[in-house]
Amino acid sequence: QEEVAESGGGLVQAGGSLRLSCVGSGRTFSSYATGWFRQAPGKEREYVGGISWDGVSTYYAVSVKGRFTISRDNAKNTVYLQMDRVKPEDTAVYYCALGSTYRRGQYDYWGQGTQVTVSS
């Protein structure tokens, strides 16, 4: 059984940066691909991007490509989402999830989310 927890959310001005962390507590964390998702009020959950289990491959949604970067440190059981040049439309609750794919697909273990608010 895996558990993950997100942290690092907060209030940031448009154009600024924020780094989110996703920390896993299980012994098999490093064998899973990890995806990042977000959900804004009144909207459906949206796939942001993902990273393969070994960190070699990443994939991003068009809306964040070139601004967000996903990386991981398996020695620390942690995956990061570096958010640069943020925009007000990036405001949402951000979730990380573990699964067999780093692209859109089935994810098995989800965190509780962390709020990101971008002020204009």
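What counts, and at which threshold
- Residues numbered from 1 in each chain as written.
- Predicted model: local features only at pLDDT ≥ 70, side-chain atom pairs only at ≥ 80, totals over all residues.
- Heavy atoms only, no water.
- Buried < 20%, exposed > 50% of the residue type's maximum accessible area, 1.4 Å probe, protein only.
- Helix = DSSP H or I, 4+ residues; strand = E, 2+ residues; numbered from the N terminus.
- Pairing = 2+ DSSP bridges.
- Core = buried A, V, L, I, M, F, W, Y, C linked by side-chain atoms within 4.5 Å.
- Salt bridge = Lys/Arg side-chain N within 4 Å of Asp/Glu carboxyl O.

**Student:** Help me understand the pairing of strand β7 (residues 68-73) in this model?
**Tutor:** For a regular strand, side-chain orientation follows a simple rule: the groups alternate between the two sheet faces. Side chains of β7 alternate between two faces, with Phe 68, Ile 70 and Arg 72 buried and Thr 69, Ser 71 and Asp 73 left unburied. Hairpin connection, β7 to strand β8 (residues 78-83): the antiparallel pair is bridged by four residues, and Asn 77 has positive phi, about 55 degrees.

**Student:** Explain the nonpolar core here, please?
**Tutor:** The nonpolar side chains of a soluble globular protein tend to be buried with one another. If you look at the biggest cluster of nonpolar residues, it comprises 27 residues, and the most contacted ones within it are Leu 20, Trp 36, Phe 68, Leu 81, Met 83 and Tyr 94. Elements with a minimum of two residues in this core: β3 (18-24), β5 (46-51), β7, β8, β9 (92-99) and β11 (114-119). Residue contributions to this core peak at four residues, all from β9.

**Student:** Even after reading the chapter, I still don't get the pattern of salt bridges, so can you show me in this structure?
**Tutor:** Side-chain pairing between opposite charges can occur once the charged atoms of the two side chains come close. Throughout the structure, instances matching the rule amount to three salt bridges. Between Asp 90 and Arg 38 there is a salt bridge, and its shortest N-O distance comes to 2.9 Å. Here Asp 90 is found in the loop between β8 and β9, whereas its partner Arg 38 is found in strand β4 (residues 33-39), with 52 residues between them in sequence. Here the two residues Asp 90 and Arg 38 agree in accessibility, since each one is buried. Ionic pairing is found between Asp 90 and Arg 67, a salt bridge with its closest N-O pair at 2.8 Å. Here Asp 90, found in the loop between β8 and β9, pairs with Arg 67, found in the loop between β6 (58-60) and β7; they are 23 residues apart in sequence, far enough to count as distant. Judged on exposure class, the residue Asp 90 and its partner Arg 67 are both buried. The structure contains a network of salt bridges with shared partners spanning Arg 38, Glu 46, Arg 67 and Asp 90.

**Student:** I would appreciate a short explanation of unusual backbone geometry in the present structure.
**Tutor:** Among all residues except glycine, the phi angle is most often negative; among peptide bonds, the trans geometry is most common. Positive phi, close to 55 degrees, is recorded for Asn 77, a residue that is not glycine. Tracing the backbone through its elements, the reader meets Asn 77 in the loop between β7 and β8. Looking at Asn 77, the relative accessible area reads 18%, which means it is buried. At Arg 85, a residue that is not glycine, the phi angle is positive and equals roughly 50 degrees. Note that Arg 85 resides in the loop between β8 and β9. When its relative accessible area of 47% is taken as the criterion, Arg 85 is described as partly exposed.

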